[in-house]
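Notes for the structure review
As a plain string of letters, each chain reads:
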Amino acid sequence: MHDLAYDLTLHLREPGACAGVFRIVERVPGPSLPGWDEGTLRCRVERVVNGPLPAAGRMVSVGYSRKAEPLSRAKSSVNHWNLLDLAAGDLLLLVCTPGADPTDWNARSGNQVAAADDPAVAGLAESFRLRTLEKGSEPQQLALLAALRGANDVARHFALEAICRQGAVSRREACDLLVRALEADALADPDRVRFAGGLASAAVFDPREKDDPVNRAAVAGLAATVGRVADPADRLTCVRYLASCVRQDFSENPGEATRVRAALVHAIGPVPPPPLADTLAKMAASNEASDRDRAAALAAAWQTPPPAANP
Amino acid sequence: MGLLGLFDKLMAAVEAIFEGVAEAAGAVEGAAAGAAAGAKVPPATPPASPTKKAGDPVAPCPLKKTKKKRKVIKITAKILATRSLHPPVRRIRDLKKLRSSTSTDATLAGNKPIILVRGCNVLRLTAQTSPPGELVTWEVKPNENTESAPGFTTEKGNTIKLGTDKIGSFSVTATLDGTKVIWNVVFVWVKVNAASTVVKFNQSFAAGQTSADANFTSFAAGQFARGQNAMEATVSVNLIGGGTDGKRGLEQIKLGYLQDGTADTLTGHYDSAPGGGTGAETVVRPGTKTPAPFPVVDAQGPPAGAGEPVVPAEEGGEMSPISTTDARIVQVTDKPAGAKGKNVEFWLGDSPVGSFARRHPKTKAFLTSITGNNSFRAAVGSFSLEAPQAVCAHADISWVEDYAGTVTPPPAATGVFTPAAGTHVTSGAAFALISDATGGSDAFDAGFELFAPRFNHSLITVFTP
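Computed from a prediction, not measured in an experiment: that's the story for all the values here.

What to know about the overall build of chain B
Helix and strand counts for chain B come out as 1 helix and 29 strands. Scored against the burial criterion, the 465 residues of chain B give a buried share of 53%. Expressed as a percentage of contacts within chain B between residues at least 6 apart in sequence, the contacts between residues at least 24 apart total 74%.

Digging into the overall build of chain A
Scanning chain A from terminus to terminus reveals 11 helices and 5 strands. Considered along the principal axes of its C-alpha atoms, chain A spans approximately 70 × 45 × 35 Å. Counting only residues that meet the buried cut, chain A has 52% of its 311 residues in that class. Here the contacts in chain A between residues at least 6 apart in sequence split such that 63% fall between residues at least 24 apart. For chain A, the exposed surface amounts to about 13,000 Å²; the carbon and sulfur share of it is 51%. Side chains of chain A carry 35 positive and 38 negative charges; the gap between the two charge centres is 1 Å.

Here we look at the interface of chain A and chain B
The parts lose accessible area when they come together, and the size of an interface is often stated as this lost area. Opposite the 39 residues of chain A that make contact, chain B presents 48 residues. Buried surface at the junction of chain A and chain B, both sides included, amounts to about 3,700 Å², of which 58% is carbon and sulfur. Three residues, A:Leu71, A:Lys75 and A:Val78, lead the burial of chain A against chain B; their summed loss comes to 21% of the area buried on that side. Inspection of the chain A/chain B interface yields 2 salt bridges. Of the charged contacts, one joins A:Lys75 and B:Glu281 as a salt bridge, the two residues approaching to 3.1 Å between their closest N and O atoms. It is helix α1 (residues 70-75) of chain A that provides the largest number of residues to the side of chain A that touches chain B, a total of 5 residues.

Topic: the domain arrangement of chain A
Annotation of chain A at the domain level lists domain 1 (18-115) and domain 2 (133-303). Here the C-alpha centre of domain 2 of chain A lies 39 Å away from the C-alpha centre of domain 1 of chain A.

Examining the pairing of strand β22 (residues 373-384) of chain B
Residue and element names in this part refer to chain B. For β22, the tally of buried residues reaches 12 of 12 residues, placing the bulk of the element in the interior. Where burial is concerned, the two faces of β22 agree: the one with Asn373, Ser375, Arg377, Ala379, Gly381 and Phe383 and the one with Asn374, Phe376, Ala378, Val380, Ser382 and Ser384 are both buried. Summarising the sheet, strand β12 (residues 253-264) and β22 pair through 11 bridges and their orientation is antiparallel. Within β22, the position partnered with Gln259 by the bridge is Ala378. For β22 and strand β23 (residues 387-402), the ladder comprises 11 bridges, and the chain directions are antiparallel. Paired with Gly381 across the bridge in β23 is Ala393.

What to know about unusual backbone geometry
The omega torsion across B:Ser130 and B:Pro131 is -5°, close enough to zero to call that bond cis. Topologically, B:Pro131 is positioned in the loop between β3 (123-130) and β4 (137-142). Here the amide bond leading from B:Pro410 into B:Pro411 is cis, since omega sits at 20°, within 30 degrees of zero. With respect to the helices and strands, the residue B:Pro411 is situated in the loop between β24 (405-407) and β25 (417-419). Here the phi dihedral of A:Leu86 falls at roughly 60°; this positive angle occurs in a residue that is not glycine. By the element assignment, A:Leu86 lies in the loop between α1 and β4 (91-98). With a phi angle near 50°, B:Asp177 is a residue other than glycine that sits in the positive phi range. As for its placement among the helices and strands, B:Asp177 is situated in the loop between β7 (168-176) and β8 (179-201).

Here we look at the pattern of salt bridges
Side chains carrying opposite charge are able to pair once their charged atoms draw close together. All names here are of chain A. For the coordinates displayed, the defined rule picks out 35 salt bridges over all chains. A salt bridge links Glu161 to Arg165, with the nearest nitrogen and oxygen atoms 2.8 Å apart. Within this pair, Glu161 and its partner Arg165 are both found in helix α4 (residues 153-165), separated by 4 residues, close to a single helical turn. Since its relative accessible area comes to 22%, Arg165 is described here as partly exposed.

A look at the nonpolar core
For soluble globular proteins, the rule of thumb is that nonpolar side chains tend to be buried together. Counting 78 residues, the largest nonpolar core has B:Leu116, B:Trp138 and B:Trp183 as its most contacted members. Looking at this core, the element that brings in the most residues is β8(B), giving 9 residues. Counting 72 residues, the second largest nonpolar core, distinct from the first, contains A:Leu130, A:Leu144, A:Ala181 and A:Val219.

Considerations on the sheet that holds β25(B)
Residue and element names in this part refer to chain B. As summarised here, the arrangement of the 6 strands in space is β25-β24-β21-β13-β14-β29, forming an open sheet in which the pairing is antiparallel. Here the strands that pair on one side only, and so sit at the sheet edges, are β25 and β29 (459-464). Between one strand axis and the next, the sheet turns by 20° as a mean value, whatever way the strands run. Pairing between strand β13 (residues 267-270) and strand β21 (residues 367-371): 4 bridges, direction antiparallel. Within the sheet, the bridge partner assigned to Tyr270 lies in β21 and is Leu367.

Quick look at the environment of B:Glu315
Structurally, the position occupied by B:Glu315 is in the loop between β16 (311-312) and β17 (318-319). Expressed as a C-alpha distance, the spacing of B:Glu315 and B:His457, which sit 142 residues apart in the sequence, is 8.8 Å.

Observations concerning helix α8 (residues 232-246) of chain A
Compared with the 21 Å implied by 1.5 Å per residue over 15 residues, the 21 Å span of α8(A) between its first and last C-alpha is a close match. Counting buried positions along α8(A) gives 11 out of 15 residues, so the element sits mostly inside the fold. All buried positions along α8(A) are accounted for by A:Asp234, A:Thr237, A:Cys238, A:Val239, A:Arg240, A:Tyr241, A:Leu242, A:Ala243, A:Ser244, A:Cys245 and A:Val246. Structurally, α8(A) contributes buried residues whose contacts are with α6 (189-200), α7 (213-228), α9 (254-266), α10 (274-284) and α11 (289-303) of chain A together with β8 of chain B. Where α8(A) begins, the capping side chain belongs to A:Asp231, and its oxygen is found 2.8 Å from the backbone nitrogen of A:Ala233.

Structural notes on the packing of helix α2 (residues 119-132) of chain A against α4(A)
Residue and element names in this part refer to chain A. For the pair α2 and α4, the least separation of the axes is 7 Å and the interaxial angle reads 30°. Classified by the angle their axes make, α2 and α4 are roughly parallel. Here α2 runs over α4; the crossing is right-handed. For the pair formed by α2 and α4, the contact residues are Ala120, Gly123, Leu124, Glu126, Ser127, Leu130 and Arg131 on the first element and Val154, Ala155 and Phe158 on the second. Tallied by class, the residues present in the contact of α2 with α4 amount to 6 nonpolar, 2 polar and 2 charged.

Some details on the confidence of the model for chain B
Segments scoring low in pLDDT should not have their predicted coordinates read at a detailed level. Residue and element names in this part refer to chain B. On average, residues of chain B carry a pLDDT of 87, and 85% of them reach 70 or more. Across residues 1-39, where pLDDT falls below 50, the model places 24 contacts with residues more than four positions away in sequence or in other chains. Here residues 44-55 scores under 50 on pLDDT; set against residues more than four positions off or in separate chains, the count is 7 contacts.

Structural notes on the packing of α6(A) against α8(A)
Residues and elements named next belong to chain A. One way to put it is that α6 packs onto α8 with a least axis distance of 9 Å and a crossing angle of 5°. Taken together, the axes of α6 and α8 lie roughly parallel to each other. Side by side, α6 and α8 meet where Asp189, Val193, Ala196, Gly197 and Ala200 of the first sit next to Asp234, Thr237, Cys238, Tyr241, Ser244 and Cys245 of the second. Broken down by class, the residue content of the contact of α6 with α8 amounts to 6 nonpolar, 3 polar and 2 charged.

Examining the side chain of B:Ser369
Residue and element names in this part refer to chain B. As for its placement among the helices and strands, Ser369 is situated in strand β21. Here Ser369 falls in the buried class, since its relative accessible area comes to 19%. Sequence-distant contacts of Ser369, defined by excluding residues within four places in its chain, comprise Thr267, Gly268, His269, Asp271, Gly405, Thr406 and Val407.

Observations regarding α9(A)
Residue and element names in this part refer to chain A. Here α9 spans 18 Å end to end across 13 residues, near enough to the 18 Å set by a 1.5 Å rise per residue. Along α9, the positions that sit buried rather than exposed are Glu256, Ala257, Val260, Ala262, Ala263, Leu264, Val265 and His266. Of the surrounding elements, those touching the buried residues of α9 are α7, α8 and α11. A distance of 2.9 Å separates the backbone nitrogen of Gly255 from a side-chain oxygen at the start of α9, and that oxygen is part of Asn253.

Conventions adopted
- Residues numbered from 1 in each chain as written.
- Chains lettered and ligands numbered in written order.
- Predicted model: local features only at pLDDT ≥ 70, side-chain atom pairs only at ≥ 80, totals over all residues.
- Heavy atoms only, no water.
- Helix = DSSP H or I, 4+ residues; strand = E, 2+ residues; numbered from the N terminus.
- Buried < 20%, exposed > 50% of the residue type's maximum accessible area, 1.4 Å probe, protein only.
- Contact = heavy atoms within 4.5 Å.
- Areas by Shrake-Rupley, 256 points an atom, 1.4 Å probe, with all protein chains shown as cover.
- Lys, Arg positive; Asp, Glu negative; His and termini not counted.
- Charge placed at Lys NZ, Arg CZ, Asp CG, Glu CD.
- Buried area = accessible area lost by both parts, 1.4 Å probe.
- Salt bridge = Lys/Arg side-chain N within 4 Å of Asp/Glu carboxyl O.
- Domains from an automatic or database assignment.
- Pairing = 2+ DSSP bridges.
- Core = buried A, V, L, I, M, F, W, Y, C linked by side-chain atoms within 4.5 Å.
- Axes fitted to C-alpha atoms, helices over the stretch in contact; angles between N-to-C directions.
- Expected span 1.5 Å × (residues − 1).
- Polar contact = N/O pair within 3.5 Å; in protein donor to acceptor, adjacent residues only side chain to side chain.
- Parallel < 35°, antiparallel > 145°, perpendicular 65-115°, else oblique.
- Left-handed = near helix turned anticlockwise from the far one by under 90°.
- Nonpolar A, V, L, I, M, F, W, Y, C, P; charged D, E, K, R; others polar.
- pLDDT = per-residue confidence, 0-100.

Rendered as structure tokens:
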């Protein structure tokens, strides 16, 4: 039997993935190994979010598997079944795949929700919709950007994963979407840091492309994010992302690698802007040797004259 | 004796003469090659003189030579499985025997190499000969590789211990009287670029893992979703395998997330009048109330995939001590290819939870505050699908979650946790390389415990009084 993931969007790509809101009618414990509580949830479908689930009002069976002991259950929370009460009347938002029988469903991701119109339900529905949009099309770009900038946690999470790890858009588009999303005033700092991670990810920053426009835009976007987050710890994380990009092995030729690093940091500006400079100064004086190395590497890149612009 | 019998005897005599000539030629050829290569290890003792053995045919004629041609017929290989850190000594079950070789083909295409992780556990090769027990000469050479060959030491009989510290593809040849068998191997370097590390924390206890009901209060920073875990770390890894492009064998290597709990001081304080007392989260030896020594493995449930390393689980059955495919906590993403081998981005994340009963079982006091932390050591781990019994560790990072906070006592219906102000999740700023000279080491040598009890399973609360 599968674990249940807390991340509602993790299994959307699986064949036959459906989603719905289910009300637990009865929990039926089954035969279990010592220390385990496994069985079946008899549920009534309250709302179909996506896919060919039985219609609202129909009964289905969903298997569950969790630890028997409450303390062990709490400590094994990577399997989200362990954190759910599974009491009669509870509402579960589940992403499922079909089971052996039309009324049997395998839950892959899920969470308890307060109501069938919980914001997570709309976010999951939007995530399924985003998957259907044509790759690279204008509607897809607009919808992804809206999800990144929007207030729905589930849709925003799905959009970021789709861009950075599921190849939903090209590298250039990924960079552009993330930079534009980072410019939104309403974005919370934890999301800014996550988006900064996206700019530094393999989906955007490609060392083979050296100082191409996308890599330069990614580095500039990272530097700008340092100034947009308030918490010094978040600023430090963003500078570490920046350093992880600039310190890549761009070429076996040391001179060429130095040139690329200079070109990248000079895409930020002739000198580090104030919020970034402050963080670099703190890193340079840090007890962490790796942070001192990062600060030194970035300073060295800025001290290298910028390469002449291509004619 | 008829004419036919006389003819047989004559033919046997001629055959014996030719065999003798061939053996003499082989010995000369072997000696010359050994001198030229300068890397061969000759037999520890001179070849034994032909002796009659039980079951040997009895020559009916003095001209008939009874000694059979000596030859090497096979090389077998065995890798020492990763063992437990704490007694009793347990080893990961040998899911797969290493492939043996009877081939004389030196090419990697024609004589498929066994794929192992550079820096892995002791590797022993044994040559089988006919007749058995004849001593062979060993030679190890780079194959489609400019690296120097790994060293080896001769053990008892025809067994050698081969170093695993070199990078790429190599041929191990056992020679005897002009016959040979070649065993090819690739040692894949899991080259962690520690400087590329970025760690990220989620200090918020607001999400669903922090919960309370009438009987329990649970609390955790973060959630098990990428970008939302309490602690996440990303690092670039270059995998360099065999062949001139460094790509041979990479498909057999699995990277994974190794983690041990290194300390647990998590304590619930029951300070509501008139009771009092504490409850200390304690990892115990399975089936006992005896505290287990740290470090303890922090791994989840059943194996993630067929052919992966497994160890016995406390609750019965088996579990994987290294996480490779659970996207909630580990993801290995291909990056654009570099000059040699393959580049990947390794990501790991974790969101540990603390939990206490709301009432002290003896004093009946209510839970009012939490102190203490869980400490962890996480690592980029690996194994070869051709030798899943050998788990390696390449780079590690230590981190801590501090759960300090308060819990609402009655009249509140449930004990709601409020974290103390300040930072709760901390870690080193970068992965540190393990055994840099060999690109990593066996998990045991790196100080990792992979065997039960598990940090997230064999737990009790020790209440005082």
